[in-house]
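Structural characterization, general
Now for the letters of each chain:
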Amino acid sequence: MGNWKMNKLISEANEFTSTIGPTIKKATEHNIDIGVAPTYLCLDEVVRSAPKDMLVAAQNCHYEPHGAFTGEISIEMLEELGVNWCIIGHSERRTYFNETDQACNLKIKALIAHHMVPLYCVGETLEQFESGITKEVVRRQVVDGLKDLTASEVKNLVIAYEPVWSIGTGKNASTEIAQDVCCYIRGILHELFGDASEEIRVLYGGSVKPENIRDYLTLPDVDGALVGGASLKIDSYQALLDNII
Ligand code: PGA
């Protein structure tokens with residue numbers, strides 16, 4: 001999943017989707033789910049102009065259906081556009097917009113109630129990494145973010161492990177770290193949801209590029225990638241796919 005963050009005008013998003021057809025076709029032939037998360041303002045245009053097999057995710061949502069929440073967008077509004085995935089708890093939202101595990105939990109539950117796919121991001125900061133508390137932090141984010149969900153509700157859930165120190169920095173986590181933490185996350189999911197956890201996809205994110213994506217995607221506990229910078233340019237987006245098939 002490409003996370004476009006606060007990038008691309010509608011015209012630029014359009015340019016991207018107008019040339020993406022062969023890439024999406026190739027991904028579909030290889031049974032790979034592939035998509036992008038544009039800004040709210042580009043969602044409508046991307047849904048309309050993208051090939052039908054391309055996933056389109058929002059980068060955030062509000063958990064209430066409507067009301068006095070200036071500046072927010074509800075899940076029903078996303079649904080109306082035909083968007084059925086939503087990134088939740090990205091570290092930039094946690095850092096700059098004070099998003100808590102509790103708020104993520106409300107959003108994830110509301111998305112699941114609407115049969116949408118929450119792509120829930122977890123990961124430790126550099127300070128937490130250096131203090132050796134990565135697993136503690138990730139455990140709390142997973143347990144609190146997924147609180148009150150039942151095994152029958154989580155089959156559409158996707159988790160992304162993104163160490164904050166690796167996002168946009170070019171300092172991607174080693175494959176050993178990615179495997180170790182993704183495997184740990186799977187263990188927690190199993191504790192919470194039993195065998196139903198086997199349906200949950202676990203992604204790695206943080207400075208994933210065409211040159212290193214294959215190293216992550218061949219790890220036993222990594223099912224996919226959440227990609228920021230390298231998803232913005234069509235050539236690099238295509239190369240991400242080409243390098244894993
Ligand atoms: P990056 O961003 O690939 O530019 O490091 C990843 C993300 O924020 O999801």
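Relevant structure appears above.
Counting restarts for each chain: residues are numbered from 1 in the order of the written sequence. Note on the predicted model: pLDDT of at least 70 is required for a residue's local features to be given, and 80 or more for side-chain atom pairs to be given and counted; whole-chain, interface and lining totals, by contrast, use all residues. Only hydrogens and water are set aside; all other atoms, that is, all heavy atoms of the structure, feed into the side-chain values.

**Quick notes on the site of the ligand**
One heavy atom within 4 Å of a molecule or strand is enough for the residue carrying it to be called near that molecule or strand. The environment of the ligand is formed by 13 residues, the closest being Lys 5, His 90, Glu 162, Gly 168 and Ser 207. Pairing of N or O atoms within 3.5 Å defines a polar contact, subject to two protein rules: one partner must be a possible hydrogen donor and the other a possible acceptor, and residues neighboring in sequence count only if both atoms are side-chain atoms. One of the side-chain N or O atoms of His 90 is found 2.6 Å from an oxygen atom in the ligand. One of the backbone nitrogen or oxygen atoms of Gly 168 is found 2.6 Å away from an oxygen atom of the ligand. Against a free-state accessible area of 280 Å², the protein chains account for coverage of 97% of the ligand. Under the grouping applied here, Gly and all other residues not named as nonpolar or charged are polar, the nonpolar ones being Ala, Val, Leu, Ile, Met, Phe, Trp, Tyr, Cys and Pro and the charged ones Asp, Glu, Lys and Arg. Residues of the shell around the ligand, tallied by class, amount to 3 nonpolar, 8 polar and 2 charged. For the area figures, the Shrake-Rupley method with a 1.4 Å probe applies, and any residue is considered shielded solely by the protein chains shown.

**Quick look at the sheet that holds strand S2 (residues 35-37)**
Note: strands within a sheet are paired through backbone hydrogen bonds, in either parallel or antiparallel orientation. Two strands make a pair as long as DSSP finds a minimum of two bridges between them. To qualify as a helix, a DSSP run of H or I must reach at least 4 residues; to qualify as a strand, a run of E must reach at least 2; elements of each kind are numbered from the N terminus. Read across the open sheet, the 8 strands follow the order S1-S2-S3-S4-S5-S6-S7-S8; overall the sheet is parallel. The two strands at the open ends of the sheet, each matched to only one other strand, are strand S1 (2-3) and strand S8 (224-226). Bridging between strand S4 (residues 85-88) and strand S5 (residues 117-122) involves 4 bridges; their strand directions are parallel. Bridging from a neighbouring strand, Cys 86 pairs with Pro 118 of S5. Each of S2 and strand S3 (55-58) is contacted by helix H3 (residues 40-49), which is oriented at about 165° to S3, the strand it contacts most. Only heavy atoms enter the contact rule, under which two residues are in contact if any of them lie within 4.5 Å. Only the contacting stretch of a helix is used when fitting its axis, a line to C-alpha atoms as for every element, and angles between N-to-C directions run 0 to 180 degrees.

**What about the pairing of S5?**
A 1.4 Å probe rolled over the protein chains alone gives each residue an accessible area, and that area as a share of the maximum for its type sets the label: buried under 20%, exposed over 50%, partly exposed in between. Among the 6 residues of S5, 6 are classified as buried, and the element is accordingly described as predominantly covered. Residues of S5 alternate between two faces, with Val 117, Leu 119 and Cys 121 on one and Pro 118, Tyr 120 and Val 122 on the opposite face, all of them buried. Summarising the sheet, S5 and strand S6 (residues 158-161) pair through 4 bridges and their orientation is parallel. Counted as the bridge partner of Cys 121 is Ala 160 from S6.

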